[in-house]
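So you can see what is in the structure, the chains are spelled out below.
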Amino acid sequence: MKRLIVSFITFSMLLSLTATSQIINEAPVDGLFSEETWSVKKEPIPYPPIRKADVIWQKRIWREIDFKQKFNQKFYYPIDSQANWKSFINTVLDALKEGGEMTAYDISNTDELLVPITYNEIVGRQTDTLYEVARRPYPPYEEYDTLIITEFDPSQVMRLRIKEDWYFDKQRSQMMVRIIALCPVLIVERDGQEQPSPLFWVSYAEARDVFAQALVFNDFNSAARLTYDELFWKRLFDSYIYKEQNVYDRRINAYATGVDALLESERIKTEMFRFEEDLWQY
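Residues numbered from 1 in each chain as written. Predicted model: local features only at pLDDT ≥ 70, side-chain atom pairs only at ≥ 80, totals over all residues. Heavy atoms only, no water.

A.B. asks: Can you tell me about helix 5 (residues 204-211), naming the residues and giving the values?
C.D. replies: Every buried residue of helix 5 is listed here: Tyr204, Ala207, Arg208, Val210 and Phe211. Buried residues in helix 5, looked at end-on, bunch into an arc of 160°, giving them a common side. Contacts made by the buried residues of helix 5 are with helix 3 (88-98), strand 7 (174-190), strand 9 (201-203), strand 11 (226-227) and helix 6 (228-233). (Buried < 20%, exposed > 50% of the residue type's maximum accessible area, 1.4 Å probe, protein only. Helix = DSSP H or I, 4+ residues; strand = E, 2+ residues; numbered from the N terminus. Arc of directions from axis to C-beta. Contact = heavy atoms within 4.5 Å.)

A.B. asks: An account of the pairing of strand 7 is requested, with residue identities and associated values reported.
C.D. replies: Bridging between strand 6 (residues 157-169) and strand 7 involves twelve bridges; their strand directions are antiparallel. By the bridge assignment, Leu160 is partnered in strand 7 with Pro184. What sits between strand 6 and strand 7 in their antiparallel hairpin is a turn of four residues, with Ser173 showing a positive phi close to 55°. Relative to strand 9, strand 7 runs antiparallel, the two sharing two bridges. Among the inter-strand pairings, Leu182 is bridged to a residue of strand 9, identified as Val202. Pairing analysis gives six bridges linking strand 7 to strand 8 (residues 193-198), with the strands arranged antiparallel. The residue bridging Leu186 from the neighbouring strand is Ser197, located in strand 8. Taking the residues that link successive antiparallel strands as the turn, the strand 7-strand 8 hairpin has two residues, and the phi of Asp191 there is positive, at about 55°. (Pairing = 2+ DSSP bridges.)

This is the structure we're talking about:
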């Protein structure tokens, strides 16, 4: 009888220890659902079919998104990546680091996607090594060499350039746009002034599979998370035009500055929409 009681107590303790270990090993749910339920398995929104014969008007436009603007801050944050939430630049860099999902192209004067570059080349170009000669502030005030290494900081990417084609489709009787390529821009501070430094170009059509899996913060409803592909598709960003296709291949800042440059940007945008309106007769 005593042996039976001892065996029963031992068996109960083993069950208790097993249950306790299972509870300890299981991570608590940080929110309404586990992280697996937030995993995104979306496909890119398909492009509408287009025929060359239906395009009766076309113009290439370059525009820039400033992440400092409140409406565009969803591109910049979070600075530290989380499980299912990354900033735009970290989403792109992670895809380039893994390889095969996205290809980066070197910056050229014509903004063409010609020369592929690797993730290590991108980081290496932004890593600066500077030698300086300093003097000790105490006797004997001797001089010594100082090596200053500045590493690539993704949080300094504060702008995004977009190359896109606007066209009028006579089959749909509608002005439409298609994004061609994207270029993250690093802001470098030199002599007390901020200077833009373009990093690379990526093909938007190639990157859409990655953007369709990357979640974006929604200010109004955390249960309805958007993806970067939906963000670009629905044009949920604020930007300004810095170049239009022209015979001189020059940017707006080559012939206008300050307020005049902003007015020129608005003029180009208004001119395109007036073209669509003028096609209709009432």
